[in-house]
Amino acid sequence: MKIKRVLFAWLLVIAAKALYSQSTFAEQKAGHIYYVSVPNYMTRTVKLNEVASMQYVNTVKNAFMVVIDDSKEELEMKGIKFGSLREFHDENIINLKGEKNKWAETDPREFEWKGNRFFQSELEVDFKETNEEEVKITYLITYVETKKYYYQILCWSLSSEFDKLLPDFKKIATSIKD
C-alpha cells in the first residue's frame with residue numbers, strides 16, 4: 001500500500017512537470033557566416049576595430065583590412081532602412097573622414113559582381129597626430145549589398161604605400177560571399 005502511494009505521488013510529480021514544459025519552440029539562427037579571400041601576408045587580429053567581424057593586418061607592409069557586417073533584418077528592427085548603397089555609404093563614411101581632418105574622396109564606382117551590388121571609392125585622409133604631425137592614410141572603401149546583409153570592407157595603408165597594395169585590396173573587396 002505504501003508503495004502504491006509513493007508511485008502515485010511520483011506520477012503526479014511527473015505529470016505536473018510535463019504540463020509546465022509543453023511550450024513550443026522554434027529554431028533560431030545565431031551568428032553569420034561569410035567568406036573573404038585575404039592575402040597570405042596578412043594575419044588575423046582583433047585590435048583594429050571593435051565592431052568588425054573580420055580583421056587582418058601586416059604592419060611591415062602597412063596593410064590593414066576590416067569587414068563590418070550588418071544584417072538588413074536587424075537594421076530594420078532598429079528602424080534603419082537604406083534605399084541604396086549610396087545612402088549606406090553616406091551614413092557610414094562620416095566616421096572615417098572625421099571632423100577636423102582634411103580629406104579627398106574619388107568618385108564612387110557602382111557595379112555588380114557575382115549577384116552582389118558594390119559601391120566603391122578611395123578616400124585619402126590627412127590625420128593630425130597629437131604632436132601636429134600629419135599622417136596620410138588612403139582607404140579603399142567598399143560597401144556590398146547581398147540579399148540579407150550589408151558589408152563595409154575597409155582596406156587601407158599609408159598613402160605612400162597604397163598604390164602597391166591597391167590590386168590586392170580590390171581582390172579582397174570583390175571576393176566576399178555569403
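For the structure itself, look to the data block above.
So, here's what we can say about the structure.

Section: the environment of Asp 90
And step 1. Relative to the helices and strands, Asp 90 resides in helix α3 (residues 85–97).
And step 2. Accessibility expressed as a relative area gives 36% for Asp 90, which makes it partly exposed.
And step 3. For Asp 90, the side chain forms a polar contact with the side chain of His 89, separated by 2.8 Å.

Describing the pairing of strand β6 (residues 116–128)
The side chains of a regular strand alternate between the sheet's two faces.
And step 1. Where strand β4 (residues 102–105) lies against β6, 4 bridges are found, and the strand directions are antiparallel. The partner of Trp 103 across the bridge, within β6, is Val 125.
And step 2. Where strand β5 (residues 109–113) and β6 come together, 5 bridges link them in antiparallel fashion. Residue pairing in the sheet places Trp 113 in a bridge with Asn 116 of β6.
And step 3. Where β5 folds back on β6, the antiparallel hairpin that results is connected by 2 residues, among which Lys 114 adopts a positive phi of roughly 50°.
And step 4. As defined by bridge partners, β6 adjoins strand β7 (residues 134–145) across 12 bridges and the pair is classed as antiparallel. Along β7, the bridge assignment pairs Gln 120 with Thr 142.
And step 5. Taking the residues that link successive antiparallel strands as the turn, the β6-β7 hairpin has 5 residues, and the phi of Glu 132 there is positive, at about 70°.

Conventions we followed
Residues numbered from 1 in each chain as written. Predicted model: local features only at pLDDT ≥ 70, side-chain atom pairs only at ≥ 80, totals over all residues. Heavy atoms only, no water. Helix = DSSP H or I, 4+ residues; strand = E, 2+ residues; numbered from the N terminus. Buried < 20%, exposed > 50% of the residue type's maximum accessible area, 1.4 Å probe, protein only. Polar contact = N/O pair within 3.5 Å; in protein donor to acceptor, adjacent residues only side chain to side chain. Pairing = 2+ DSSP bridges.

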